[in-house]
Amino acid sequence: MDIPPLAGKIAALSLGALPLSYALNHVSALSHPLGLALMSALILGLLFVAIYSFSPGEIYYDPLYAVFAVFSFTSVVDLLIALQEDGYAGGFMEFFTKEGEPYLRTAHGVFICYWDGTVHYLLYLAMAGAIRRRKRYRNLGLYWLGSFVMSILVFLPGNILGKYSSEIRPAFFLAIPYVLVPCWAGVRVFNQARAPTCYAPNVVQEEQSKGILRRPVDLALVMYLTLAGFFTLFRGLVVLDCPTDACFVYIYQYEPYLRDPVAYPKVQMLVYMFYVLPFFGLAVYGLIFPGCSWLPDWALVFAGAVGQAQFSHMGASMHVRTPFTYRVPDDAWACFFGSNLLYALGPQLLAFRCLWRPAFFLHPPPGPLAHHKKED
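Residues numbered from 1 in each chain as written. Predicted model: local features only at pLDDT ≥ 70, side-chain atom pairs only at ≥ 80, totals over all residues. Heavy atoms only, no water.

**Q** Explain the packing of aromatic side chains residue by residue, including any values.
**A** What describes a pair of aromatic rings is the distance from one ring centre to the other and the angle between the planes of the rings. A complete count under the given rule lists 27 aromatic pairs for this structure. With centroids separated by 5.7 Å and ring planes inclined at 85 degrees, the aromatic side chains of F68 and W144 adopt a geometry described as edge-to-face. Taken together, the residues span a long stretch of sequence, with F68 in helix α5 (residues 64–85) and W144 in helix α8 (residues 138–161) at a distance of 76 residues. Like W144, F68 is buried. Note on F71 and F148: the rings are 5.3 Å apart at their centroids and 10 degrees apart in plane angle, and the pair reads as stacked. Note that F71 is positioned in helix α5 and F148 in helix α8, a separation of 77 residues in sequence. A network of ring pairs unites the aromatic residues F190, F231, F234, Y250, Y254, Y272, F279, F280, W298, F302 and Y343 as a single cluster. The ring of F360 is capped by R215, whose NZ or CZ atom sits 3.9 Å from the centre of that ring. (Phe/Tyr/Trp six-rings, centres within 6.5 Å; stacked < 30°, edge-to-face > 60°. Helix = DSSP H or I, 4+ residues; strand = E, 2+ residues; numbered from the N terminus. Buried < 20%, exposed > 50% of the residue type's maximum accessible area, 1.4 Å probe, protein only. Lys NZ or Arg CZ within 6 Å of the ring centre and 35° of its normal.)

Pasting the structure below:
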């Protein structure tokens, strides 16, 4: 995958979050939740105006340039929040986590801030750089889309359903653009032209004529997806209070974090069961039967989604902000870490395989060639 150069102008603008957050931290008016929400909305509006004035050509070429620029600024803010909550920085975002979004002080909140401040930040700079140089960024966009949507699907319902539901402040409603923008961005990313493939029809036909037993990598992925599907279903039943002994032992001896009243782990497992589990089944089908041209795109989306989700889930399971009774027991740490790491790596390997040799997933070659091959 061709990774474009990072956007230096956007990086410089995003670093403006450092002095700005430090200055706002000492403004007494921001101690009121409504004042904080209004100030945050004003800053985002002014930031958009600044980006438009600096780079009108890029925005006319692709409006997502402005989205990535604004989100790169918020990514730096999220990284400051995570570093502050872990004691690595101070004097920047105390006002926001106290009066704006106190649920960001949870272990799950800290780790989604780490992910947004590092992985998402680099993706924003890379995609903005691609737009500036008129290059493709569809694959990066699909990975970002899955990661971003997964964080929203878990974080927002977790805030409403968990023990922090009584801590909802006006700043919470700033998340509305974070729900709407990915829908619009996702449509634009999917509508972008795919990178051209250079496979001759006979090569595609030869690749698609191989059964699953002649493709050991795909066979291994099918076996992984099957096992991961059962693991997904099992953890979904665990958080739904399945009364079996296996579920009881697992939730108390291996992943007690699933009982945490913050609700994020429960929501995460349900999202896995209702969204990721069906994809695993469809991916098995796409690896067995040729011509499933939709699989490479959706493999990237779910690779981003599962990568973000597992990073947050594994980190929060062991973080000091999680009460000791809900952290991973010492004697189960290796089992927990190994199984969850494999769960995170599998979709990344699936996406890599789809990008590495996509001939099996291309549309079948024209009929005359296939008919001629059959007669031979």
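**Q** If you had to explain the confidence of the model for the protein to someone new, which residues and values would you point to?
**A** Considering every residue of the protein, the mean pLDDT works out to 87; 90% of them sit at 70 or more. Long-range and interchain partners of residues 369–376, a stretch whose pLDDT sits below 50, account for five contacts in this model, where long-range means more than four residues apart. (pLDDT = per-residue confidence, 0-100. Contact = heavy atoms within 4.5 Å.)

**Q** Before we move on, could you go through the layout of surface pockets and cite the residues and values that matter?
**A** Taken as a whole, the second largest pocket spans an internal volume of roughly 400 Å³. Contributing to the lining of the second largest pocket are 19 residues, with L145, V149, M150, L153 and V301 lying nearest its centre. Those elements that place two or more of their residues in the lining of the second largest pocket are α8, α9 (175–191), α13 (264–288) and α14 (295–318). (1 Å grid on protein atoms, 1.4 Å probe; cavity = no way out; pocket = protein on both sides within 12 Å on 5 of 7 lines; lining within 4 Å. Points joined across faces, edges and corners; volume = space filled by probe spheres on them.)

**Q** Could you give an account of unusual backbone geometry, naming the residues involved and the relevant values?
**A** A negative phi angle characterises most non-glycine residues, just as the trans form characterises most peptide bonds. Phi is positive for R134, close to 60 degrees, though the residue is something other than glycine. Judged by relative accessible area, R134 falls into the partly exposed class, the value being 40%.

**Q** Describe the pattern of salt bridges, with residues and values.
**A** This structure, assessed with the given rule, holds eleven salt bridges. Where D62 meets R188, a salt bridge forms, and the shortest distance between an N and an O atom there is 3.7 Å. In this pair, D62 sits in the loop between α4 (56–61) and α5 while R188 sits in helix α9, placing the two residues 126 residues apart along the sequence. In this structure D62 comes out as buried when scored by relative accessible area, which is 6%. Across the pair D297 and R194 runs a salt bridge whose closest N-O atoms are separated by 2.8 Å. Placement of the pair is D297 in helix α14 and R194 in the loop between α9 and α10 (201–208), with a sequence separation of 103 residues. Ionic contacts of the salt-bridge type, sharing partners, join the residues E85, R105 and R321 into one network. (Salt bridge = Lys/Arg side-chain N within 4 Å of Asp/Glu carboxyl O.)

**Q** So what's going on with α9? Which residues, and what values?
**A** Look at α9: 25 Å from first C-alpha to last across 17 residues, which is about the 24 Å you get at 1.5 Å a residue. The set of residues buried in α9 consists of A175, V181, P182, A185, G186 and V189. Those residues of α9 that are buried lie in contact with α5 and α8. (Expected span 1.5 Å × (residues − 1).)

**Q** So, the environment of V301: which residues are in play, and what are the values?
**A** As for its placement among the helices and strands, V301 is situated in helix α14. The sequence separation of V301 and M150 amounts to 151 residues, and the corresponding C-alpha distance is 9.7 Å. For V301, the residues in contact, after removing those within four places along its chain, are L142, G146, S147 and F190.

**Q** Give a detailed account of the packing of α8 against α13, specifying residues and quantitative values.
**A** At a minimum axis separation of 9 Å, α8 and α13 run at an interaxial angle of 135 degrees. Classed by the angle they form, the pair α8 and α13 counts as oblique. In the packing of α8 onto α13, the handedness of the crossing is right-handed. For the pair α8 and α13, contact is made by M150, L153, V154, F155, P157, G158, N159 and L161 and by Y264, V267, Q268, V271, Y272 and V276, respectively. Residue classes in the contact of α8 with α13 are distributed as eleven nonpolar, three polar and no charged. (Axes fitted to C-alpha atoms, helices over the stretch in contact; angles between N-to-C directions. Parallel < 35°, antiparallel > 145°, perpendicular 65-115°, else oblique. Left-handed = near helix turned anticlockwise from the far one by under 90°. Nonpolar A, V, L, I, M, F, W, Y, C, P; charged D, E, K, R; others polar.)

**Q** Please give an account of a nonpolar patch on the surface that cites residues and values.
**A** A contiguous nonpolar patch, built from F48, V49, Y52 and Y60 and spanning about 450 Å² of accessible area, is present on the exposed surface. Top element by residues in the nonpolar patch is helix α3 (residues 33–54). It accounts for three residues. When you line up the elements, Y52 lands in helix α3. (Patch = residues over 30% accessible without salt bridge, like charges linked within 9 Å, V, L, I, M, F, W, Y side chains within 5 Å. Areas by Shrake-Rupley, 256 points an atom, 1.4 Å probe, with all protein chains shown as cover.)

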